[in-house]
Amino acid sequence: MPRRSAALLAAGTAALVVLAGTVSPTTAAWVVEQYDRGTASTLDCASGAAVDGSAWSQVIGATGPDPVPALPGLSVTNIAPGLESTPSDSAAVSLGADGWSSTVDIAALDPSGGTGLAAGAGLYSQVARATAGGLSVAAAGAVTAAADGAVALDTAAPASSRSLTLRLSEVLAPVLAGAGSAVEPDELADVRLTVGALGARARYDSCPVLWSPSQLASHLSRSYLLTDLTAGFDSSAVRTAVATLDESLAALQTQLNALRPPGTPVTGAALTTVTQALTSALRVTVLGIPVQLGRVDSVTAGTAFDLTAARSLLTGTISDGSVTIDLATGRITADLDSIFAETHHTSRLNGLAPNSKVLTPEVLAALSTRVGALLTGFVDGALSAALDTAITSASTVVDTRASLDVILAPLVHANALALTTRISGSLGSFLGTAGEPRPAVASTVTVLNGLLSAVLTPLLVPLAAAIEIPMATTVASAVGSAVLAGVSSSASQAATSTTQQATHTTVPALLTALRPALDALRRVVDVTANAQPDSPGGVDPPAPAVEGRYMVSALNVAALDLAGSRLLSVHLASAAVGPNAKR
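Conventions and cut-offs
Residues numbered from 1 in each chain as written. Predicted model: local features only at pLDDT ≥ 70, side-chain atom pairs only at ≥ 80, totals over all residues. Heavy atoms only, no water. Helix = DSSP H or I, 4+ residues; strand = E, 2+ residues; numbered from the N terminus. Buried < 20%, exposed > 50% of the residue type's maximum accessible area, 1.4 Å probe, protein only. Contact = heavy atoms within 4.5 Å. Areas by Shrake-Rupley, 256 points an atom, 1.4 Å probe, with all protein chains shown as cover. Polar contact = N/O pair within 3.5 Å; in protein donor to acceptor, adjacent residues only side chain to side chain. Pairing = 2+ DSSP bridges. Axes fitted to C-alpha atoms, helices over the stretch in contact; angles between N-to-C directions. Parallel < 35°, antiparallel > 145°, perpendicular 65-115°, else oblique. Nonpolar A, V, L, I, M, F, W, Y, C, P; charged D, E, K, R; others polar. Salt bridge = Lys/Arg side-chain N within 4 Å of Asp/Glu carboxyl O. Phe/Tyr/Trp six-rings, centres within 6.5 Å; stacked < 30°, edge-to-face > 60°. Lys NZ or Arg CZ within 6 Å of the ring centre and 35° of its normal. Patch = residues over 30% accessible without salt bridge, like charges linked within 9 Å, V, L, I, M, F, W, Y side chains within 5 Å. Left-handed = near helix turned anticlockwise from the far one by under 90°. Arc of directions from axis to C-beta. pLDDT = per-residue confidence, 0-100.

In terms of helices and strands, the protein carries 12 helices and 28 strands. For the protein, with 583 residues in total, the buried portion stands at 51%. Of the contacts made within the protein by residues no fewer than 6 positions apart, 74% connect residues no fewer than 24 positions apart. For the protein, the accessible area works out to roughly 23500 Å², and carbon and sulfur atoms hold 56% of it.

Below is the structure:
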């Protein structure tokens, strides 16, 4: 008996890039399909008449303007006068019970002619079965086949590493650059769609239908499996918003560092407060000799702010679990199955009606809302916290120059020592912020009166040690309250103003700029789950449409021009049964 095969799709486009991962085999339960081979007859089905039947499956097929090799499908026919099925692929493995299977390595999509197709490793199955009793079964993708011909979709497992990525931008870039496009190509660049493990299955018990067509609905079933559907694109609107935010942080740093630069003199009432603290801190007795403050020559205090750590957050990635934004590149990645489920109140993307559109206005509106909320939360949360940390940890230095009186006898006071002290630490350490270490103190004491050098030199080292703690506590606290508290307050107000500007102006401007790109995405990319060409709203078929052939694809992805014409159509995991006919 000669082999017959259904026509196969073998077209794609050089602009399509398919990437694949690998997966460990999954297990799934199935229901064994019962059938009666019977004998050839022209009588009705109940009398055991035989049927000419066919089934076809294909993991990946594509049509586009620049045809390239595609993965071949598996076609199985059972045609009179024979009573056994014949596969189109000589390498197909018999499952028995008129069923056949073939393993497809997605790496076969990588041709050598530089057509723009590339793929990693990843195995899927194609299964087809056609019995003389009129039963046709086809399945492709993540499916499990048994030796008795039974076929089942694998259990949906989001953790599966098997995936395919479609790169659509080389097709879409000319469309977006053309007249009539509302967006520039860089506003919607590098559009990709990634899908996890997927599969489709069709089953047609045609014998009863051939004698009673009204029974079609109860003897034809189609199902699909779809996991981990993710869309991603680069957005110039995000990059612009991040650049604006970075510029505002640079301006904020300049503003903060102008509040009180290091070396700024302490004067007025603040100097009086600090002098009182110095008087207390410098009243010590060393080696039995009392020492006290003589006069204050100068006190300076200043703070240097560094927002590098806060600005570095703008090169990171933020996510709410469904939407991820790479702030450095402007790439937005959206988990479409979770957003679709939340928006349309479904159980993710499985179990949908035939020809369900995924990129609906509601889904894209939810995506826009999530982008805005994600960026606002980032600014109000991580970025604001980083600015608070930068203010608290700002480098702060207080320099004091004074002279000290040495009491050599009850009525003999000599202004004999010069003191230079630097107190350094974080702004928070001067303000007593919890968790901030005590400021460090470095003092130098010299003898002013050479005649007393022999007497006073032994005091110098122990005197510097004796005043260290009082300077780090009493004096530092006085400078903090009298001088640096105002610096901290002004810095916090400036930081709050910057973040409010971001959430009230920069983020809304981003969403306004992003809206046309999302509208364009919906116009130029069509994503259909549970694609059935013969059902209402059907897309183009994965195989030639003929009377009596019933098809299903887990997913159809199409790139469109602005008029809605399909430039590229990719069918992922397709199964078809029929046409079947009386013998």
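All of the buried residues along helix α7 (residues 336-344) are Leu336, Asp337, Ser338, Ile339, Phe340 and Ala341. On its buried face, α7 sits against β12 (189-195), β15 (230-234), β19 (323-326), β20 (331-335), β21 (356-357) and α8 (361-392). Positive phi appears at His345, one or two residues downstream of α7, with a value of about 60°.

Following the sequence through the fold, Ser338 ends up in helix α7. Engagement of the side chain of Ser338 in a polar contact is seen with the side chain of Ser322, the distance being 3.0 Å.

Our focus in this paragraph is the environment of Gln58. Looking at where Gln58 falls in the secondary structure, it is placed in strand β2 (residues 51-63). Separated by 13 residues in the primary sequence, Gln58 and Leu71 have C-alpha atoms spaced 7.4 Å apart. Here the side chain of Gln58 touches Ile60 through a polar contact of 3.5 Å, landing on its backbone oxygen.

Moving on, we get to the sheet that holds strand β23 (residues 412-426). Across the sheet, which stays open at both edges, the five strands sit in the order β16-β17-β22-β23-β24 with antiparallel pairing between neighbours. The open sheet has two edge strands, β16 (284-286) and β24 (440-447), and neither has a second partner. With strand direction ignored, the average angle separating the axes of adjacent strands in the sheet is 30°. The sheet contacts of helix α5 (residues 268-281) involve β16, β17 (289-304) and β22 (395-409), and relative to β17 the element is tilted by about 140°.

On to the packing of α5 against helix α12 (residues 468-524). α12 packs onto α5 with a crossing angle of 170° between their chain directions and a minimal axis gap of 9 Å. It follows from the interaxial angle that α5 and α12 lie roughly antiparallel. Packed against α5, whose contacting residues are Ala270, Thr273, Val274, Ala277, Leu278 and Ala281, the element α12 presents Pro470, Met471, Thr474, Val475, Ala478, Val479, Ala482 and Val483 at the interface. Here the contact of α5 with α12 is built from residues that sort into 12 nonpolar, two polar and no charged.

Further remarks concern the environment of Ala472. With respect to the helices and strands, Ala472 occurs in helix α12. On the basis of relative accessibility, which here comes to 6%, the residue Ala472 falls in the buried class. Apart from residues no more than four positions distant in its own chain, Ala472 is found in contact with Arg438, Pro439 and Val441.

What follows concerns the pairing of β12. Regular strands place side chains that alternate from one sheet face to the opposite one. Looking at chain direction, strand β11 (residues 164-167) and β12 are connected through four bridges and run antiparallel. Bridge pairing links Arg167 to Arg192 in β12. Bridge count for β12 against β15 is four bridges, and the pairing is antiparallel. In the sheet register, Thr194 faces β15, and the bridge partner there is Thr230.

For the structure on display, the rule yields 15 salt bridges. Salt-bridge contacts for Arg192 lead to Asp190; the nearest nitrogen and oxygen are separated by 3.0 Å. By relative accessible area, Arg192 is classed as partly exposed at 25%. Across the salt bridge formed by Arg348 and Asp335, the nearest N and O atoms sit 3.7 Å from each other. In this pair, Arg348 sits in the loop between α7 and β21 while Asp335 sits in strand β20, placing the two residues 13 residues apart along the sequence. Several salt bridges share partner residues, and in doing so they unite Asp190, Arg192, Asp234 and Arg331 into one network.

Attention now goes to the pairing of strand β6 (residues 99-105). Most of β6 sits inside the fold, with five of its seven residues counted as buried. Bridging between strand β5 (residues 93-96) and β6 involves three bridges; their strand directions are antiparallel. In the sheet register, Val93 faces β6, and the bridge partner there is Ser101. Once β5 ends, the chain turns through two residues before running back antiparallel as β6, passing Ala97 with a positive phi of about 55°. Pairing of β6 with strand β7 (residues 123-130) involves seven bridges; the strand directions are antiparallel.

With that out of the way, let us pick up the packing of aromatic side chains. The tally for this structure, following the rule as stated, stands at one aromatic pair. The interplanar angle of 75° and the centroid separation of 5.4 Å between the aromatic rings of Tyr204 and Tyr550 together place this pair among those described as edge-to-face. With Tyr204 in strand β13 (residues 198-205) and Tyr550 in strand β26 (residues 550-560), the pair connects residues that are 346 residues apart, well separated along the chain. Using a relative accessible area of 15% as the deciding quantity, one classes Tyr550 as buried. Lys582 extends its terminal NZ or CZ atom over the ring of Trp211, reaching a point 4.7 Å from the ring centre.

Together, Leu408, Val412 and Val455 line one region of the surface with nonpolar side chains, adding up to about 220 Å² of accessible area. Within the fold, Val455 resides in helix α10 (residues 453-456).

At a closest axis distance of 9 Å, the pairing of α8 and α12 adopts a crossing angle of 160°. One way to sum up the angle between α8 and α12 is to call them roughly antiparallel. Judged by the twist between their axes, the crossing of α8 over α12 is right-handed.

Considered for burial, the residues of helix α1 (residues 169-177) that qualify are Ser169, Val171, Leu172, Val175 and Leu176. Buried residues in α1, looked at end-on, bunch into an arc of 150°, giving them a common side. Turned more than 90 degrees off the buried face of α1, the exposed positions are Glu170, Pro174 and Ala177. Lining the buried residues of α1 we find β11, β12, α12, β25 (525-531), β26 and β27 (566-577).

Attention shifts here to the confidence of the model for the protein. Low-pLDDT portions of the prediction should not be read for the details of their coordinates. Chain-level pLDDT for the protein is 86 on average; 86% of the residues reach the 70-or-more range. Across residues 1-42 the pLDDT falls below 50, and counting only partners more than four positions away or on other chains, this stretch makes 153 contacts in the model. Predicted confidence for residues 111-121 stays below pLDDT 50, and this span has 32 contacts to residues more than four positions away or in other chains.

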